[in-house]
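These are the residues of each chain, in order.
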Amino acid sequence: MLRKKKPLLSLTALMVIFGVMVSIQFNSLQKPKIRDTRDVWELREDLSASKSKELDLLKEIDKYDEMLKKYGKQEDQSKEAQLTKTLKDLKEKAGFTEMTGEGIEVEITQLFSKELTGEEVKNIPPDLFKKLINEANMYGAKHISINGHRVINTSVIRDINGTTKMDGYSLDGDTVNIKIIGQQADKLYSRLNVSDIGDLFAQENFGLSISQPKKIHLKAYDGAIQINELKPLDDVKEEKP
């Protein structure tokens, strides 16, 4: 009897094991792994989010690229405006534009006639004009004209055959009019009035009449600028002894 029970127990054990394996396999087929499915969806969502971020980034890049182009154009316009302003300033300083501003007017007239002195009236010496211009510049003069002709850096005042001329224009006459625009017209007026420039003119039989500060208008320089022939620097060096 004992011998017959052993095969039965073995068969029973095998059936139990087989049943458990079938059950596990069945459960495995009926319940697929949720984690794998969830990971796929998460990856899809991450991919979609990444694409959305990339699109937003591209939009931002385009926006800032347009801004850079806009700023570049503005910078170019700013450079152009700066060059235009610089050119305008240079023309003003050179005397090539009309100017209006606060300044003074100086009239030079003869103190005594020939009938009183018994001498021929002299022309105003060029050095006196130069002295007056230097004094005015020292006291803040920015723009000057003599008898309606602008005084510029290249202006030359000299005696030509007994006649005082500036850039070819005669400065002789009963009255010479000088207009000066200055940084501080009041200061310019005061300084010239207490200067000894009036005494220097008086010694030559000329008097100065200086107006109170007022609005002054000057014409632009109407002459031609004489420029010597330009040469390369090396050629100039070679010409030196």
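Please read all numbers here as calculations on a predicted model, not as lab measurements.

Novice: Lay out the side chain of Thr 164 in plain terms, naming residues and giving numbers.
Specialist: Tracing the sequence through the fold places Thr 164 in strand E5 (residues 163-166). Taking relative accessible area as the criterion, Thr 164 reaches 1% and is therefore assigned buried. Of the polar contacts made by the side chain of Thr 164, one reaches the backbone oxygen of Ile 124; its length is 2.7 Å. Not counting residues up to four positions away in its chain, the partners in contact with Thr 164 are Asn 123, Ile 124, Pro 125, Pro 126, Phe 129, Ile 157, Arg 158, Asp 159, Tyr 169, Ser 170, Leu 171 and Asp 172.

Novice: Residues and numbers for the layout of surface pockets, please.
Specialist: The space that makes up the largest pocket amounts to roughly 430 Å³. Surrounding the largest pocket, 18 residues form its lining, Asn 137, Lys 142, Val 151, Ile 152 and Asn 153 being those nearest its centre. Counted by class, the lining of the largest pocket contains seven nonpolar, six polar and five charged residues.

Novice: An account of helix H5 (residues 185-194) is requested, with residue identities and associated values reported.
Specialist: Given 3.6 residues per helical turn, the α-helix brings residues three or four places apart onto the same face. By the burial criterion, the buried members of H5 are Ala 185, Leu 188 and Leu 192. Buried residues of H5 fall within an arc of 60° about the axis and therefore sit on the same side. Residues of H5 that are exposed and angled more than 90 degrees away from the buried face: Asp 186 and Val 194. Looking at the buried side of H5, the elements it contacts are strand E1 (99-110), helix H4 (126-138), strand E7 (175-182), helix H6 (197-202) and strand E8 (206-210).

Novice: Help me get a handle on the environment of Lys 142, residues and values and all.
Specialist: Position of Lys 142 among the secondary structure elements: in strand E2 (residues 141-146). In sequence terms Lys 142 and Gln 184 are 42 residues apart; their C-alpha atoms lie 9.8 Å from each other. Apart from residues no more than four positions distant in its own chain, Lys 142 is found in contact with Ile 181, Gly 182 and Gln 183.

Rules of the game
Residues numbered from 1 in each chain as written. Predicted model: local features only at pLDDT ≥ 70, side-chain atom pairs only at ≥ 80, totals over all residues. Heavy atoms only, no water. Helix = DSSP H or I, 4+ residues; strand = E, 2+ residues; numbered from the N terminus. Buried < 20%, exposed > 50% of the residue type's maximum accessible area, 1.4 Å probe, protein only. Polar contact = N/O pair within 3.5 Å; in protein donor to acceptor, adjacent residues only side chain to side chain. Contact = heavy atoms within 4.5 Å. 1 Å grid on protein atoms, 1.4 Å probe; cavity = no way out; pocket = protein on both sides within 12 Å on 5 of 7 lines; lining within 4 Å. Points joined across faces, edges and corners; volume = space filled by probe spheres on them. Nonpolar A, V, L, I, M, F, W, Y, C, P; charged D, E, K, R; others polar. Arc of directions from axis to C-beta.

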